[in-house]
Amino acid sequence: MSEIVEKQSYDFRAIEAKWLPFWEQDGTFVTNTADSRPKKYVCDMFPYPSGDLHMGHAEAFAIGDVPARYWRLRGYNVLHPIGWDSFGLPAENAAIKNNAHPAEWTYNNIETQAESFKRYGISVDWTRRLHTSDELYYRWTQWLFLRLYERGLAYRRNSPVNWCPSCQTVLANEQVVSGACERCGTPVTKKALNQWYFKITDYADRLLEDMAQLEGTWPERVLAMQRNWIGRSEGAHLDFPVDGGHTVTVFTTRPDTVFGATFFVVAADAELATELVTDEQSGELEAYREQLKSVSDIERQATDRKKTGVFLGVYATNPTTGARMPVYATDYVLADYGTGAVMGVPGQDQRDWEFATAFDLPIVRTVQPAADFEGEAYTGEGPAINSANAEISLDGMEVEEAKAKIIDWLDSKGAGRATVNYRLRDWLVSRQRFWGAPIPIIHCPDCGEVPVPEDQLPVTLPTDMRGEQLAPKGQSPLASNTDWVSVGCPVCGKPATRDTDTMDTFVDSSWYYIRYIDPKSTSEIFPTEQANQWLPVDQYVGGVEHAILHLLYSRFITKVLYDMDLVSFTEPFKALLNQGQVLNGGKAMSKSLGNGVDLGEQLEAYGVDAVRLTMVFASPPEDDVDWADVSPAASQKFLARAWRLAQDVTSARGTDPAAGASGLRSLTHRSIADAESLLGAQKYNVVVARLMELVNAARKEIDSGAGPADPAVREAAEVTAQLLSLVAPYTAEDMWQLLGHEASVANTAWPAYEEALLVQETITAVVQVKGKLRDKLEVPVDITEADLEAQALALPKIQRYIADDGGVRKVIVRAPKLVNVVTG
RNA sequence: GCCCGAAUGGCGGAAUUGGUAGACGCGCUCGACUCAAAAUCGAGUACCGAAAGGUGUGUGGGUUCGAGUCCCACUUCGGGUACCA
């Protein structure tokens, strides 16, 4: 018989089948929160259970698993949980279509995703799994609502709201994208409804200021988007007396231009217009409002639209000039920004200029534009002009000074004051749909709004509604379930009704990352002490589509919890990584384009590790990956090469590597050192590139160098298995076993590099002439500047350049790497 | 319009503090193996040029001995937001 043992080839299916049950039985990734080692909390934005996992999930989770596994090797106690954001409309729509209950669709999909997820080998603690649609969870969402209610942060108000005619529900401002529903793209209409709001505007300043904590660890663009969304602007409130005994306050960022206010405009759709209009003009106002109804939101947002409006028959008085200013209703003033009323200053505001031109109103400049200014309204810097009355003059002052001066003056008259205005509006949280957490409020004819007593939580959803019973009819389907709606008033006991709206699913997801600390608790929302120990999340990973929505809401809720003394931190996510999208052929995958790539098919064809490796290697984590540009087949090839390394090693486990090939050894140790800094900088793609170099070098050493018995080869293979485990856990685990280890590679210690092996004896110095590379020199690393200079100048090639170019003028030496000869 | 971000070979992308541009991979070319192909392995691959050499990191300028990297101006592309007073 031949001595040669038949070597097996890399078989990812067999490897997956072997290790998946191992991790589960071994409890490799279960986190013991009582463990005293320093902690790291890595959290991926939890998925919505819409069918099976897709390529986008595959990228996000592959990326998030890298720091989780790295920190685990570094000796941290790592918390890496998973759950499902399982309330929401798609389940309800599916239930209507299939004559089912939304829970069926939801929990079936969760099971499917969970199976795929396990197969995908992400190092999460399955014992902490949560679903926001579980009674166990939404009981606490309701509890949270009641705490906000107690603090006056949850309130009900009747006002025009965004209505999606297709989803048959209201939407928060954050969920309207260019006038259309964020979910389905249907143009949004306005509807007057009595709705629940969270008072996020109370936190506007803190949401803005606390961003200082996130600077540098959150993507700059996300911070910018939040800053814009909050839209802080400093200005003043000015009071204008209006005929009929009214005083109308406006918000302006340019109080210095008040002398130039020649007319007055209020939002046509605001109550204010009705209050101000004279009887003679009220017909015209109504006609104008009718006319506006036919203008879609999309049209309305076109900035080049002609200014329209209607005179209300009354005049306001300019407190600085005493001028009588006609009052108009218009649609270019927004009812829900500022006070819904604006002073018209055509000289300094382009929109006002256009309105003044259309209605033939006077235009007065109050800031002197530069001589070459050719525009209409002038919004720039310059000295004030035409801005004086008997008591005060701003003339000659620059804008900032004039602002301060006029605010002082108006303040002394009781006619104005400095103020800060925000673009952010309160968060509309009620939804007229079924599959969400019911709002825990009871409406009693005698007692009014009554919170559901805590011991009666959760207010559970009926389990017997299905199909058509869930169809949206302009109000929540729950309203038609009289058994469910009818309830005794908790205060007086008389017949009362439950609130039939459910909460926006963004309420569910605004606090789930804290619930992971103890997801099964029935006695409290989360244990405060442990939450303070584990949070904030050290690394949060998710798509940029939540730059405003989920992240703003989570920041808000965290601050509310802080104010309630339930947590000691004010920001939930210390660092944020926005992974890119997975594209195909330059475009987002979509059914309509027919360019979708099925994750299951990819996993079937190339294996989990190859798909994960491809995702990580393709580009920096925050960049998009175009599946048409990458090669999972090549990833698989690399994994086979790496795996074969482990198989080829013939030295025994524990062999001292000191006697091994020094070139390979120093590359191995440099790879470890570089991986540390690259992982810290989140350059995961480059870590993979370095690993490929290491595998190539080890291969060469086996085939045409010191051979498979060299201890340096074992060392390289072991380090490869450990580094590879961050991205390709199955292959790494199998390599580790082939190398003679019993326990999981995921729980080994990060390899320590030897400083001495990083130091090279010789180095290639470059020799430049006038900054251009002309020659190279192999020199000892500790060469003196003088020696290096002498050797460089002695090079024949360099001498030729010097001779041709008029001799040496100056020599720059940066030993041992560079010499630059300046000639002429 | 305003606010962010980006621009490097045929492609995805590398390049601590300014110091060898193009690591690693894909693709392509050639070669080995094969009856042949696939797979695998080896060699080459920024551009122009036969070579010597020259040119090169969106464009134009600047600072510097030296710029992908710093400064100024601009162009293009991507994203966000938009009658926000």
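Residues numbered from 1 in each chain as written. Chains lettered and ligands numbered in written order. Predicted model: local features only at pLDDT ≥ 70, side-chain atom pairs only at ≥ 80, totals over all residues. Heavy atoms only, no water.

A. Representation of helix α1 (residues 12-26). If you check α1, its first and last C-alpha atoms are 21 Å apart, about what 15 residues at 1.5 Å a residue would give, namely 21 Å. For α1, every residue scored as buried is listed here: F12, I15, E16, W19 and W23. All buried residues of α1 project into a common sector of 95 degrees when viewed along the axis, lining one side. Facing away from the buried side of α1 by over 90 degrees, the exposed positions are A17, E24 and Q25. Where α1 is buried, its residues meet α4 (102-119), α18 (599-606), α19 (608-618), α20 (632-648) and α24 (729-738). At the N-terminal end of α1, a side-chain oxygen is found 3.1 Å from the backbone nitrogen of R13, two or three residues along, and the residue is D11. Of the residues flanking the end of α1, it is G27, one or two places downstream, whose phi is positive at about 65 degrees. (Helix = DSSP H or I, 4+ residues; strand = E, 2+ residues; numbered from the N terminus. Expected span 1.5 Å × (residues − 1). Buried < 20%, exposed > 50% of the residue type's maximum accessible area, 1.4 Å probe, protein only. Arc of directions from axis to C-beta. Contact = heavy atoms within 4.5 Å. Polar contact = N/O pair within 3.5 Å; in protein donor to acceptor, adjacent residues only side chain to side chain.)

B. Local environment of the sheet that holds strand β5 (residues 154-164). Overall, antiparallel pairing links the four strands, which are arranged β6-β5-β9-β17 in an open sheet. Of all the strands in the sheet, just β6 (169-171) and β17 (427-428) have a single pairing partner and so form its edges. One ladder, built from three bridges, connects β5 with β6; its direction is antiparallel. The residue bridging N162 from the neighbouring strand is L171, located in β6. (Pairing = 2+ DSSP bridges.)

C. Examining the packing of aromatic side chains more closely. As enumerated under the stated definition, the model contains 37 aromatic pairs in all. A ring pair is formed by F46 and Y512, whose centres lie 3.6 Å apart and whose planes are at 5 degrees; its orientation type is stacked. One end of the pair, F46, is in the loop between β1 (39-44) and α2 (55-73); the other, Y512, is in helix α15 (residues 512-515), with 466 residues separating them in the sequence. With respect to burial, F46 and Y512 carry one shared label: buried. Relative to Y337, the ring of F251 has its centre 6.5 Å away and its plane inclined at 85 degrees; by these criteria the two rings are edge-to-face. Here Y337 lies in the loop between β14 (324-330) and β15 (341-344) and F251 lies in strand β11 (residues 246-252), a separation of 86 residues in the sequence. Ring pairing ties together the aromatic residues F145, Y149, W196, F198, Y203, W427, F506, Y553 and F556, which thus form one cluster. Its end group placed over the ring of W140, R139 keeps NZ or CZ at 4.5 Å from the ring centre. Geometry around W484 places R498 over its ring, the cationic atom sitting 5.7 Å from the centre. (Phe/Tyr/Trp six-rings, centres within 6.5 Å; stacked < 30°, edge-to-face > 60°. Lys NZ or Arg CZ within 6 Å of the ring centre and 35° of its normal.)

D. Up close: the pattern of salt bridges. Evaluated as defined, the whole model comprises 45 salt bridges. Through salt bridges with shared partners, a single network forms among R13, E16, R119 and E604. (Salt bridge = Lys/Arg side-chain N within 4 Å of Asp/Glu carboxyl O.)

E. Inspection of α18 at higher detail. For α18, the set of buried residues is L599, Q602 and L603. Buried residues of α18 fall within an arc of 100 degrees about the axis and therefore sit on the same side. Elements in contact with the buried residues of α18: α1, α2, α4, α19 and α20. For α18, the N-terminal capping position is held by D598, with its side-chain oxygen 3.2 Å away from the main-chain nitrogen of G600. G607, located one to two residues past α18, shows a positive phi value of around 95 degrees.

F. Inspection of the pairing of strand β19 (residues 441-444) at higher detail. Burial along β19 is two-sided: I441 and H443 facing one way and I442 and C444 facing the other are all buried. As defined by bridge partners, β19 adjoins strand β20 (residues 448-451) across four bridges and the pair is classed as antiparallel. Across the sheet, residue I441 finds its bridge partner in β20, namely P451. A loop of three residues connects β19 with β20, the two strands running antiparallel in sequence. In terms of strand pairing, β19 meets strand β22 (residues 495-498) through two bridges, oriented antiparallel. Within β22, the residue paired with I442 across the bridge is R498.

G. Up close: the nonpolar core. Residues F145, W427, Y512, L535 and F556 are the most contacted members of the largest nonpolar core, which totals 91 residues. Those residues in contact with L535, other than ones at most four positions away along the chain, are K39, Y41, Y513, I514, I517, F569 and P572. If you look at the next biggest cluster of nonpolar residues, it comprises 82 residues, including A68, V78, L603 and W750. (Core = buried A, V, L, I, M, F, W, Y, C linked by side-chain atoms within 4.5 Å.)

H. The protein's contact with RNA strand B, seen in detail. Surrounding RNA strand B, one finds 51 residues, the nearest of these being T253, Y337, R351, A618 and N820. Atoms of RNA strand B within 4 Å of the protein: sugar and phosphate make up 63%, bases the balance. Interatomic distance of 3.2 Å between a side-chain N/O atom of Q768 and a base nitrogen of RNA strand B. In this structure, N820 approaches RNA strand B through a side-chain N or O atom, which is 2.5 Å from a base oxygen. Each residue belonging to the surface near RNA strand B can be placed in one class, and the counts come to 18 nonpolar, 12 polar and 21 charged. (Near = heavy atom within 4 Å. Nonpolar A, V, L, I, M, F, W, Y, C, P; charged D, E, K, R; others polar.)

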